[in-house]
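Summary of the model geometry
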Amino acid sequence: MVHTTMEGSLFEPTLYLVKGMCILDNDGNRILAKYYDKDVLPTAKEQKAFEKNLFNKTHRANAEIIMLEGLTCVYKSNVDLFFYVMGSSHENELILQSVLNALYESVSILLRRNVERRVLLDNLDAVMLAFDEICDGGVILDSDPTSIVGRAALRTEDVPLGEQTVAQVLQSAKEQLKWSLLK
Amino acid sequence: MSFKRDKKEEEDSGGNPYQNLDKTIVLQEARYFNQSPVNPRKCSLILTKVLYLLNQGEKFTTQEATEAFFATTKLFQSKDVMLRRMVYLCIKELSNLAQDVIIVTSSLTKDMTGKEDLYRAAAIRALCSITDSTMLQAIERYMKQAIVDKNPAVSSAALVSALHLSSTAPDLVRRWANEAQEAITSDNAMVSYHALGVVAGSRKNDKLSTVKLVTRLARAPLKSPYALCLLIRLAAQLVEDDDSDAAQPYIEFIECCLRHKSEMVIYEAAHAIVNLRKTARDLAPAVSVLQLFCGSSKASLRLAGARTLARLTTKHPTAVAACAVDLENLISDPNRSVATLAVTTLLATGAESSVDRLMKQISSFVSEISDEFKIVVVRAIRRLCTKFPRKHQSLAAFLAGMLRDEGGLEYKAAIADAIIALVEENPEAKETGLAHLCEFIEDCEHTALAVRILHLLGREGPKSRQPSRYIRFIYNRVILESGPVRAAAVSAVAQFGAQRPELLPNIRVLLSRCTLDEEDEVRDRAIYYSAILDSGDEQLINDYIINVPKPNPVLLEKALRDHLATRPDEPFNILTVPAEEEVKESKEAIVEIEVRKPVQMSIEEIYAEQLAKIPGIERLGPVFKTNLPIDLTEAETEYRVRLLKHVYARHVILQFECVNTLNDQLLEQVHVRLEMPPEYEVKSIVPCQKLIYDKPDSVFVIVEYPCAFLDSLGTFGATLEFVVRDCDPNTGIPDPGEGYADSYPLEEFEMGCADQIRARAGSDDWEQTWERAANAPEASDTFVLSQNDINDAAKAVCEHLGLPKAAIVGEAVKEIRGGGIFRGGAPVLVRARLAASGGGVTMKLAARSPREDVAQLLLAAVG
């Protein structure tokens, strides 16, 4: 007698939708990663192996979504950063996509549109807080970038304009303009 | 100098200030927190370093974590908002590593009830991560207030924390349901989503109130798309559980959601409709939504659309076939997951006429995709082979082409599997398939694959019209390959010698050449097969070359270990170990894009661990067979009991799997009283000391079989006996006092012939097998069966004897051919001829076995 587990085909009515989120650099190294399900990739070793595999499969083709090792992974990259959100292979892809958007957009606002590794590392504390505001133990806590940033980035406000260098001001103005045109 | 080094380091690490952090140094730095006043920026950086290390998977000892935790708590004196937030984050991350974390409860409670909104939400979440259910009661009042707080962040934080807590303290959280109920109607989308999650979670086991909840909310739709998705899932579940028309409103609600403005909700609804077991009246709206998705510019939408359409292939192929144009557009999709999915779906739904065109499209696409997607395509082609056997020529040619391309072992193995399946299923394709495989092993770098193919050639080759042509291919391997392949080739060659007498002289020559091989295994096999072939004894050749039993390796290893531990002097009987069963590919052709191997275990392996706990179990020898569980109670009763019969050579272990479904009772000293047929004897009972609500546990009864096989058939009565202690439904703590003894009658069960035999259907060379056993004692008799229909009768007989349905052959006159091994290792063959005669069915049953009583038992089982 052979037993196989056959999962139901309907989505599960649960709030625990996110299995993990991570940000990798352009060598596939982890900058930040959180896994929320103790049954999915429980050890750091498995997680890192998974991230390597994920990175190898995604860093060349920007194809937005991939099914890997039983997980649905949506992703997005910019310059030298890769953002991933993982859910079960049996999950509404668009919900995961909305979480990825929330993650990417909030980081982008936090970093004043300079979504690059160096800038991210300089603001790692704020990004950690954003991570924490987006997802709590697998439950989507918030998906609105402005409100996430409002709760996470308390320092961006308190750097007065006068303390920024001219180059910084110009850079941020340029970015703002670029983004307003792109929208 | 130092500047130079810094610069170099910076280049090395690509400017990552957190690279090469040292845990001990960071922990040293954390001591700075004890100073007063502190620089918030500096503290924040140190905390970030700690968090970074934790996040990278660095291991902190309990002492280190506790030290860092207590240093962090010092920072509560700082008024810096950002720093405070980092402190909360650190507390959460360290809470499960450090000791005495509840020390910060008062600080967090203060923040949680304070004025600063930014503190309150985060403080609630941190507090709930450090607290346990006993402490919870103290903060319950604040939690209730927080849930209905007007600040959405605070409310969400309280609700999500409540959800996390509900796994450990469900009843406490259930008391907050009223507040959560109120929060569902919040203007804030996230609050309403989280509140719905908490309310639905607390009613998980209460269908009626879930019905009420869904009905009420379906009428006044929610604003949050997430909440709507959850509501659709709840509604879909209700439809699944309810077959009556009462479910219709839910289906209507889901259909209504197809017109929502958020794509997320539309997809959720379409997915639910497509996957409902009960088909919606009209699939068209859902399918057309999915079709639209397939044309989207976003890859996730295309994948979602294609994936959900693919799920329809088995149930409603016509609905999917209508989307063929959309799917064909996806074949060249830049996202390979989408493209592969489209191809496999098209292959699964396409008509026979379109196969050739599709294959042409695929051949251009296959070279560009990675191995794992290729495997998916190969699987789809394999299913196609089964579906359109007439297309075997072009499909086999296509597979052979793929076999010649570059690829890894798994990919090649998948192709070989497909060709092997083709050879086995389709007699017409056998010769071409084998020819392709022969060609492939000429140039195959994967030892494992070559061995498998050689084995197949050995099995199928002798039955072909020109067996000699395969021998050349096989013998080439003996000359050219590595040890394991040579050994496999020798075995394959021996098969030809055993099955084709005209080739025997040549085979003898080939085998004798192999006896000089440098590899031990090859030499051993050659000598072994030569000796058996030289003996000329047909029975011997059959049992040791042609039909060799293959025991399940896991159980064989265990059996050998037990044997060595208990009876090393006695000979080991390999027949007592359950044979390996061939894994049947599920017939349902679900189109999936990821290749996953389901973990497959035989039922004996699954229960081996539970049985190992029984004292003295190893003295019973290896488990012969575990029968499928049977229910001894109705589905909806206070106590549910399932019976598993683990059969050994001279004993049977009756495992009663009990579930207590009453949450206000704790059962103690649970055991089973048996009423047994005569001659049976209970050896020992392993009672279940405590049966806690909803936690399955087992009572084991070891029973010795009667000495005579014939006495083993009979009916058992059973009663569950236990001591009931009332307990608090919330905590599970029993009330003081003794409790009272009670019993619960279970349904009767049988010990039949099927339980004690490992049977299989007769093989191709059935006639010879039967004839060879002519010298064995035979028992035969004629029966008049009660069934009117000959098919039903044949099935019933098979069931009694434990034979698979495949054992039935013939049309007007049914013949059942099968064989098996009885517990203890006695082989048995059985043949039954059934004929309809004037409204009834008569059967002539004959059984042959070296043990006459086994043969008689088979007859007795039917009679």
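The rules behind the values
- Residues numbered from 1 in each chain as written.
- Chains lettered and ligands numbered in written order.
- Predicted model: local features only at pLDDT ≥ 70, side-chain atom pairs only at ≥ 80, totals over all residues.
- Heavy atoms only, no water.
- Pairing = 2+ DSSP bridges.
- Helix = DSSP H or I, 4+ residues; strand = E, 2+ residues; numbered from the N terminus.
- Axes fitted to C-alpha atoms, helices over the stretch in contact; angles between N-to-C directions.
- Contact = heavy atoms within 4.5 Å.
- Buried area = accessible area lost by both parts, 1.4 Å probe.
- Salt bridge = Lys/Arg side-chain N within 4 Å of Asp/Glu carboxyl O.
- Polar contact = N/O pair within 3.5 Å; in protein donor to acceptor, adjacent residues only side chain to side chain.
- Nonpolar A, V, L, I, M, F, W, Y, C, P; charged D, E, K, R; others polar.
- Core = buried A, V, L, I, M, F, W, Y, C linked by side-chain atoms within 4.5 Å.
- Buried < 20%, exposed > 50% of the residue type's maximum accessible area, 1.4 Å probe, protein only.
- Domains from an automatic or database assignment.
- Patch = residues over 30% accessible without salt bridge, like charges linked within 9 Å, V, L, I, M, F, W, Y side chains within 5 Å.
- Areas by Shrake-Rupley, 256 points an atom, 1.4 Å probe, with all protein chains shown as cover.

**Section: the sheet that holds strand β11 (residues 740–751) of chain B**
Residue and element names in this part refer to chain B. Strand order in this open sheet of four strands is β8-β6-β10-β11, and the pairing throughout is antiparallel. Where the open sheet ends on each side, the last strands, each with one partner, are β8 (688–691) and β11. If you compare each strand with its neighbour and ignore which way they point, the axes differ by 30° on average. Taken together, the nine bridges between strand β6 (residues 665–675) and strand β10 (residues 714–726) define a ladder with antiparallel strand orientation. Within β10, the position partnered with Val-672 by the bridge is Leu-720.

**Topic: the interface of chain B and chain A**
At the junction of the two partners, chain B supplies 77 residues and chain A supplies 67 residues. In total, chain B and chain A occlude about 6200 Å² of area from one another, counting both sides; carbon and sulfur atoms represent 57% of this. Where chain B meets chain A, there are eight salt bridges. At the boundary of chain B and chain A, one finds 27 residue pairs in polar contact (both at pLDDT 80 or more). Here the side of chain B that touches chain A gets eight residues from one element, more than from any other, and that element is helix α14 (residues 225–241) of chain B. Residue classes in the side of chain B that touches chain A are distributed as 36 nonpolar, 23 polar and 18 charged.

**Quick look at the nonpolar core**
Residue and element names in this part refer to chain B. Of all hydrophobic cores here, the largest spans 255 residues; its most connected members are Leu-108 and Ile-381. Top contributing element to this core by residue count: α14, with 12 residues. Residue-level mapping places this core at the junction of two domains, with at least three residues from each of domain 1 (351–435) and domain 2 (444–548). Contacts of Leu-108, omitting those with residues within four sequence positions, involve Phe-76, Tyr-88, Ile-91, Ala-123, Ala-126, Leu-127 and Ile-130. Residues Cys-753, Ala-779, Ala-807 and Val-862 belong to the second largest nonpolar core, which totals 32 residues.

**Things to note about the domain arrangement of chain B**
Per the domain assignment, the segments making up chain B are domain 1 (351–435), domain 2 (444–548), domain 3 (627–751) and domain 4 (755–862). Between domain 1 of chain B and domain 3 of chain B, the C-alpha centre-to-centre distance is 52 Å.

**With respect to a nonpolar patch on the surface**
The grouping of Tyr-528, Leu-540 and Tyr-544 of chain B at the surface amounts to a nonpolar patch, some 280 Å² of accessible area in total. Considering the arrangement of structural elements, one finds Leu-540 of chain B in helix α32 (residues 538–546).

**Some thoughts on the pairing of β10 of chain B**
Residues and elements named next belong to chain B. Extensive coverage of β10 is indicated by the burial of 11 of its 13 residues. By the bridge criterion, 10 bridges tie β10 to β11 in an arrangement that is antiparallel. Residue pairing across strands places Val-724 opposite Tyr-740, the latter belonging to β11.

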